[in-house]
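Topology and contacts: notes
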Amino acid sequence: MPAGSDHHGGGPIRGPRSLVGGLLLVGLAALALILTADLNPGTLRSMGPGMVPRALAIGLGLCGLLLAGSGLVRRGQALDRVSLRGPVVILLAVAAFALTIRPFPLGGLATPGLGLIGAGPLTVVIGGFASPEARLRENLALGLGLTAFAMLLFGDLLNLPIPMFPEAWADLFPAGWSQDGRLRVTAGLLAGVAAALVLAGPRRAAARVDVAGRSEGAR
Amino acid sequence: MSDLLANLALGFGTVLQVVPVEVPGLGPVPLPMNVVLCFVGCLVGTLIGVLPGVGPVATIAMLLPITFKFDPTGALIMLAGIYYGAQYGGSTTAILVNIPGEATSVVTTLDGHQMARQGRAGVALGIAAIGSFVAGCVATVMIAALGAPLTRLALVFGPAEYFSLMVMGLVFAVVLARGSILKAVAMILLGILLSTVGADLETGQERMTFGMPFLSDGIDFAVLAMGLFGIAEILRNLDHTEARDVVRQAIGRLLPGRDDLRQSGLPILRGTAIGAVLGILPGNGAVLGPFASYTLEKRLARDPARFGRGAIEGVAGPESANNAGAQTSFIPLLTLGIPPNAVMALMVGAMTIHGIVPGPQVMTKNPGLFWGMIASMWVGNVMLLIINLPLIGLWVRLLKVPYRLMFPAILLLCCVGIYSINALATDILFIGLFGAVGYALIRLDFEPAPLLLGFVLGRLMEENLRRALLLSRGEMSTFIERPISAGLLLVAGVLLAVALLPSIRRGRDEVFVEE
């Protein structure tokens, strides 16, 4: 989203936020019209697959035009400056999870399927950096701990079909172990590492979150 | 009357049913499984719902997979429990941190947080729980009483009536949305448009799928909801620099004193009535309940200046309205099969996963499930009272976890949760995509809630529109020639016209920007 917050008084654009919003809607409507162009609309008596989507797209486009028009005529709010860090990093983290939980075909190649044990910490560590306050050690500990928890909850307790380990690890465990046993031991190990990371880390000053006491009611 | 009692008895029978459960090491142990599920649902729902910035929609979407293992009745009871838990958790956050978890607890922040600052957080939480409980009891009886007659009404409805009813619901949603009406209309149209993605219901032709096979079944509702309400919410919260106002004062005693009770008795009853009536409206009338209750209490108060400075009536009334509305919003879903808001739409998703088609036939075909779910609402309210009051200390500690540690956890839960529904990596990518789109929309002052509602009703609307026109041989006049349909459209038209009048619009803004 482009940032431009200096359209207050003059100039032809009086409400940039409405204008951009309206143009976005027009764009979406145009896309829908293009995509439904070769669908048969049918008649009112027996509608084809194209009728309803196209009518909706036209309605949406009209809303967009009205909104964009009001952005030119009526004074409205400016666009805020948006930091791209959050959206970009969070999208990366989500994509990392999607691509590594199980092998994902990309063109001729496939991404490595790491299972939850790999995808979980990866997502948390990457995603954590969406906040400028992120610290690697803390995120790593959090990722390992949360993954251990998710393994126990979704794998052991609920038996949901989520790949837990990389496929290559199938022979790593002693043959007699049950699936649940493997999960419990692994989760225990992960939690242990997470705890060690937390304990080995530098002590932080105690007052971190409490920000009360700024206004009249606090004593 | 005897019908009502018999039905409630059937419901409570289902909920309290004792089944032998295999416990490792102990062999089969007789347990009231549905009560246990209700308890677990309430507890987990509160746990997630307490987190600032996670509302009921995101909570339910995230926790949907944990109900897969159980039979349909158990699963729905658990989901309902999660819903109440999340709802109540939102109120806890509103009182203790001044951050409303969702639209309906915005009002609670006004006086609830002031009470907390005066060292009366315990009383505020206590009266919220008591008010919710009273509201829950009344609403349960109301659902039981209205269930049968409304279901009979639903059986008379033809496609034209259904279509008009949904139009009315969407008009309600437009009128109740905050901000510009034009933007709300656009969001609803966009939602319906998204619902038409996928194979056409008659010809099976692919629509707007970009030729991608995973889109031919349409966009999964849980994916859209989790993107718009889970991921987009994280992105929005990351924009605000953290200034969380967790109360540092002692929580204080939990049980309200005699004066408190006397002051809040009538507000609780009034709030319950307002909330219960508004909650029935298709189109998320429940959102309006707390606002209406707060405005009413302020008007009726002998000294309105106390409001906003920790007036207990300002917590008791809206919280009761909130809970009553949360519960009566089940009525359109259970009787007509029309989800009035996003939470109920997730319930539809859950029912479909368990092979139940929501609608009037549920009550006759599956009475145990229908009445069991209603009875479980009352049980759920008791659970909330039991769970919440002793655990307040735990919630306070949870609220002090900084957001930089909280959002990666929410992110991981979203990813694992959505993957466990369909085991599709593309679903995960799509929550990211919808999250980014939702964030852009929020930044441009569009509200995602009407979009989701349009999406939910979209498919039903198209189906009924096409069927109605097929029956009338293409005559649009069928919608105004049939009396019920005409009445519903008339209500919708009048409502929209009224909302567009400038003076009412100002009033509407006032309700939402109550300071």
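Keep in mind that this is a model prediction, so the values were computed, not measured. (Residues numbered from 1 in each chain as written. Chains lettered and ligands numbered in written order. Predicted model: local features only at pLDDT ≥ 70, side-chain atom pairs only at ≥ 80, totals over all residues. Heavy atoms only, no water.)

1. What to know about the overall build of chain A
- Summing up its helical and strand segments, chain A has 6 helices and 2 strands in all.
- In sequence order, chain A lays out its α and β elements as α-α-α-β-β-α-α-α.
- Per-residue burial over chain A gives 42% buried out of 219 residues.
- Nonlocal contacts in chain A, meaning residues at least 24 apart in sequence, comprise 63% of its contacts between residues at least 6 apart.
- By element, 67% of the accessible surface of chain A is carried by carbon and sulfur atoms, the whole surface being about 11600 Å². (Helix = DSSP H or I, 4+ residues; strand = E, 2+ residues; numbered from the N terminus. Buried < 20%, exposed > 50% of the residue type's maximum accessible area, 1.4 Å probe, protein only. Contact = heavy atoms within 4.5 Å. Areas by Shrake-Rupley, 256 points an atom, 1.4 Å probe, with all protein chains shown as cover.)

2. Examining the overall build of chain B
- Within chain B one finds 22 helices and 4 strands.
- Computed over C-alpha atoms, the radius of gyration of chain B comes to 22 Å, within 12% of the 24 Å expected from 2.2 N^0.38 for 515 residues, which places it in the range of a compact globule.
- Projected onto the principal axes, the alpha-carbon positions of chain B cover approximately 70 × 70 × 55 Å.
- Every one of the 515 residues in chain B was classed for burial, and the buried ones make up 62%. (Rg over C-alpha atoms; globule rule 2.2 N^0.38 Å.)

3. Overview of the packing of aromatic side chains
Residue and element names in this part refer to chain B.
- Within this structure, the stated rule accounts for 10 aromatic pairs over all chains.
- Taking the centre distance of 6.2 Å and the plane angle of 50° together, the rings of Phe133 and Trp378 count as tilted. Linking Phe133 in helix 6 (residues 121–156) with Trp378 in helix 16 (residues 367–399), this pair joins segments that are 245 residues apart in sequence.
- Members of the aromatic cluster, connected to one another through ring pairs, are Phe12, Phe133 and Trp378.
- Here the basic side chain of Lys183 rests over the ring of Phe446, its NZ or CZ set 5.4 Å away from the ring centre. (Phe/Tyr/Trp six-rings, centres within 6.5 Å; stacked < 30°, edge-to-face > 60°. Lys NZ or Arg CZ within 6 Å of the ring centre and 35° of its normal.)

4. Details of the UniProt feature "transmembrane region" (unreviewed entry) in chain A
- With numbering matched to this structure, UniProt assigns "transmembrane region" (unreviewed entry) to residues 20–39, 51–72, 84–104, 110–130, 142–162 and 182–200 of chain A.
- Within residues 142–162 of chain A, the helical portion is 76% and the strand portion 0%, while the C-alpha atoms at the span's ends are 20 Å from each other. (UniProt positions renumbered as here; feature names shortened; annotations may be inferred.)

5. Description of the interface of chain B and chain A
- Listed by partner, the interface residues are 72 residues for chain B and 77 residues for chain A.
- Seen at the junction of chain B and chain A, the total is 3 salt bridges.
- Arg17 of chain A serves as the salt-bridge partner of Asp445 of chain B, at 2.9 Å between the closest nitrogen and oxygen.
- Where chain B meets chain A, there are 5 residue pairs in polar contact (both at pLDDT 80 or more).
- Put simply, the parts of the chain that give the side of chain B that touches chain A at least two residues each are helix 8 (181–195), strand 4 (206–207), helix 9 (221–239), helix 17 (403–422), helix 18 (425–443) and helix 19 (448–471) of chain B.
- Sorting elements by how many residues they give to the side of chain B that touches chain A places helix 17 of chain B first, with 12 residues.
- Residues belonging to the side of chain B that touches chain A are distributed by class as follows: 46 nonpolar, 8 polar and 18 charged. (Salt bridge = Lys/Arg side-chain N within 4 Å of Asp/Glu carboxyl O. Polar contact = N/O pair within 3.5 Å; in protein donor to acceptor, adjacent residues only side chain to side chain. Nonpolar A, V, L, I, M, F, W, Y, C, P; charged D, E, K, R; others polar.)

6. Here we look at the nonpolar core
- Counting 202 residues, the largest nonpolar core has Ile90 and Phe97 of chain A together with Phe330 of chain B as the members making the most contacts within it.
- Broken down by element, the residue count for this core peaks at 16 residues, all from helix 16 of chain B. (Core = buried A, V, L, I, M, F, W, Y, C linked by side-chain atoms within 4.5 Å.)

7. Comments concerning the state of the cysteines
Residue and element names in this part refer to chain B.
- According to the stated counting rule, one finds 0 disulfides over all chains in the structure shown.
- Summary of cysteine pairing: Cys137 is not part of a disulfide, and the nearest cysteine sulfur, belonging to Cys38, is at 13 Å.
- Taking relative accessible area as the criterion, Cys137 reaches 22% and is therefore assigned partly exposed. (Disulfide = S-S within 2.5 Å.)

8. Quick notes on a nonpolar patch on the surface
- Taken together, the side chains of Leu24, Leu28 and Leu31 of chain A together with Phe210 and Met212 of chain B present a nonpolar region at the surface, about 400 Å² in accessible area.
- Counting through the fold element by element, Leu31 of chain A comes out in helix 1 (residues 16–35). (Patch = residues over 30% accessible without salt bridge, like charges linked within 9 Å, V, L, I, M, F, W, Y side chains within 5 Å.)

9. A look at helix 3 (residues 85–100) of chain A
- Along its 16 residues, helix 3 of chain A runs 22 Å from first to last C-alpha, staying within 8% of the 22 Å computed at 1.5 Å per residue.
- Buried residues belonging to helix 3 of chain A abut helix 4 (115–128) of chain A together with helix 9, helix 17 and helix 18 of chain B. (Expected span 1.5 Å × (residues − 1).)

10. A few points about the environment of Val73 of chain A
- Mapped onto the secondary structure, Val73 of chain A falls in helix 2 (residues 51–73).
- A C-alpha to C-alpha distance of 7.6 Å links Val73 of chain A and Ile13 of chain A, two positions 60 residues apart in sequence.

11. Let's talk about the UniProt feature "domain: DUF1468" (unreviewed entry) in chain A
- Within this numbering scheme, the UniProt entry marks residues 20–163 of chain A as carrying the feature "domain: DUF1468" (unreviewed entry).
- As annotated, residues 20–163 of chain A has a helix share of 63% and a strand share of 3%, and its two end C-alpha atoms lie 43 Å apart.

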